[in-house]
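# Structural overview
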Amino acid sequence: MAGAEIKVYGANWCPDCRRAKRFLADQRVPFEWHDIEQEPEGAEVVREHNGGNNVIPTIVFPDGTHLLEPTNEELAEKLGLQRSAMMHVYDLVVAGGGPTGLTTSIYAARENLQTLIIDSKGLGGQAGVTERLDNYPGFPHGIRGAELADRIVEQAQRYGVEMLQAVSVTGISSDGGEVDVETATGDHYHARAALVATGSTYRRTNVPGEDDLIGAGIHFCATCDGPFYKGSSELLVLGGGNSGLEEGLFLTQFTDKVTILERGPALKASKLLQDKVRQHKKMKVRTNREVQEFRAKEDGSGKLGAVIALNRETGETKEYKPAACFVFIGLDPNTAFLGGNVELDAGRFVVTNAGYQTTVPGVFAAGDVRAGSTKQLASAVGEGAAAAIAIRQYLDEKDRG
Ligand SMILES: Cc1cc2nc3c(=O)[nH]c(=O)nc-3n(C[C@H](O)[C@H](O)[C@H](O)COP(=O)(O)OP(=O)(O)OC[C@H]3O[C@@H](n4cnc5c(N)ncnc54)[C@H](O)[C@@H]3O)c2cc1C
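Anyway, here's the lowdown on the structure attached to this text. (Residues numbered from 1 in each chain as written. Predicted model: local features only at pLDDT ≥ 70, side-chain atom pairs only at ≥ 80, totals over all residues. Heavy atoms only, no water.)

### Focus: the overall build of the protein
Assigned secondary structure in the protein consists of eleven helices and 23 strands. Structurally, the protein occupies a C-alpha span of about 70 × 65 × 40 Å along its principal axes. Put simply, the protein has 401 residues, and 49% of those count as buried. Relative to all contacts within the protein whose residues are 6 or more apart in sequence, the contacts with residues 24 or more apart total 59%. Split by element, the accessible area of the protein, about 19,200 Å² in all, is 47% carbon and sulfur. With 42 positive and 54 negative side-chain charges, the protein shows a separation of 9 Å between the mean positions of the two kinds. (Helix = DSSP H or I, 4+ residues; strand = E, 2+ residues; numbered from the N terminus. Buried < 20%, exposed > 50% of the residue type's maximum accessible area, 1.4 Å probe, protein only. Contact = heavy atoms within 4.5 Å. Areas by Shrake-Rupley, 256 points an atom, 1.4 Å probe, with all protein chains shown as cover. Lys, Arg positive; Asp, Glu negative; His and termini not counted. Charge placed at Lys NZ, Arg CZ, Asp CG, Glu CD.)

Written out as structure tokens, the structure reads:
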């Protein structure tokens, strides 16, 4: 279905509208948002479809049909998303269709392993929702994240990888011989091996303005996006832990001043890092500062214009006008679905040996979800390839008995 003309009518306060918008965005389906409280014509469309009543969200599709307050399952069905696989037994099932899982699948399918990828959102992972990638080799002028993701998905399709999206993996277990992968749709897939490539999620502030400005002045990776701000006068860093301070020091090469805002009364980073930061003439530290809002520039560019922070000691608010704001308030690996089955480290990342094997026979892990990984696209792709080779060796050994 051509997604460009899907129109979502609703209101900002409506949780079901937010859920439907998030679902479409997660599947990377473009849509137009119409706030019926701001647009009288939008309110009129809603009433037309609902016998004069205001039922939101009302979602109108390019084929002229519409859905009222749809569940995610109803939306998935309408979008034609495949949510159950064609078979129940595979050589390899991959949980997570980001760059890692897709790369492993390409390698595996090229070697004639029957491969199924299952992703809870849209295929492409974090790369698919990244505005621009400038440090991925082979693209001297950078590439849009969505374009790179589409290319990798197309390559996997070419080799016959079967892919499900909008389906969460809810459990992985092994009896030592076969791996059982369970999904939120109630399906069980049996495989000779499974790969956990479910990545991790950067913690967000969840304050107003954040969703709209991610990639447009709000960032979660200094290595990836810091160079865009070369020559700027100020960058803001949220978070006074080790990541915030390390990344803040890294950012000083691009800007005149880096200001760290920490919500608590003291920095949490190591003493060594704190000393380095305090001695650095470009760095300023402000504790007890809580960000309350991100505002876009008033010039209509859609870029970050201001960051509003509360001083929790004095109760005063201050408006910062940095060129960009980097958020380092934590990274949560997507491992809750593994329960206690697979060994995790203290940060809940999956522990593997040098051959990407977890503590469960036949279950491998690679990419951002793996303990010790570097959280970069090139390394995710590299780990995906290396894991595929390790899985092939494991299966060969199993076949030899
Ligand atoms: C905003 C942003 C900008 C970035 N910019 C750059 C950059 O410029 N350069 C760079 O090198 N790196 C960048 N990165 C990092 C890079 O995108 C990641 O390192 C890379 O995508 C990791 O790949 P992955 O496949 O391991 O994990 P992910 O890309 O996170 O993919 C994991 C997939 O697993 C799925 N999943 C999660 N839980 C489940 C479940 N229970 N069941 C099924 N599926 C599940 C998710 O929906 C997701 O699609 C950026 C990251 C972000 C967030």
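There is more to say, and it comes next.
### Structural notes on the nonpolar core
In this structure, Met-163, Leu-195 and Phe-364 are the most contacted members of the largest nonpolar core, which totals 32 residues. Among the elements that take part in this core, helix α11 (residues 377-400) stands out by supplying seven residues, more than any other. Setting aside chain neighbours within four positions, we find Phe-364 in contact with Ala-193, Ala-194, Leu-195, Val-196, Gly-355, Tyr-356, Gln-357, Thr-358, Ala-390, Ile-391 and Tyr-394. Membership of the second largest hydrophobic core comes to 25 residues, among which are Tyr-90, Leu-116, Val-169 and Leu-344. (Core = buried A, V, L, I, M, F, W, Y, C linked by side-chain atoms within 4.5 Å.)

### Describing the packing of aromatic side chains
According to the stated counting rule, one finds seven aromatic pairs in the structure shown. The interplanar angle of 35° and the centroid separation of 5.6 Å between the aromatic rings of Tyr-202 and Phe-220 together place this pair among those described as tilted. Of this pair, Tyr-202 sits in strand β13 (residues 200-202) while Phe-220 sits in the loop between β14 (218-219) and α8 (222-225); the two residues are 18 residues apart in sequence, bridging distant segments of the chain. For Phe-220, a relative accessible area of 12% puts it in the buried group. (Phe/Tyr/Trp six-rings, centres within 6.5 Å; stacked < 30°, edge-to-face > 60°.)

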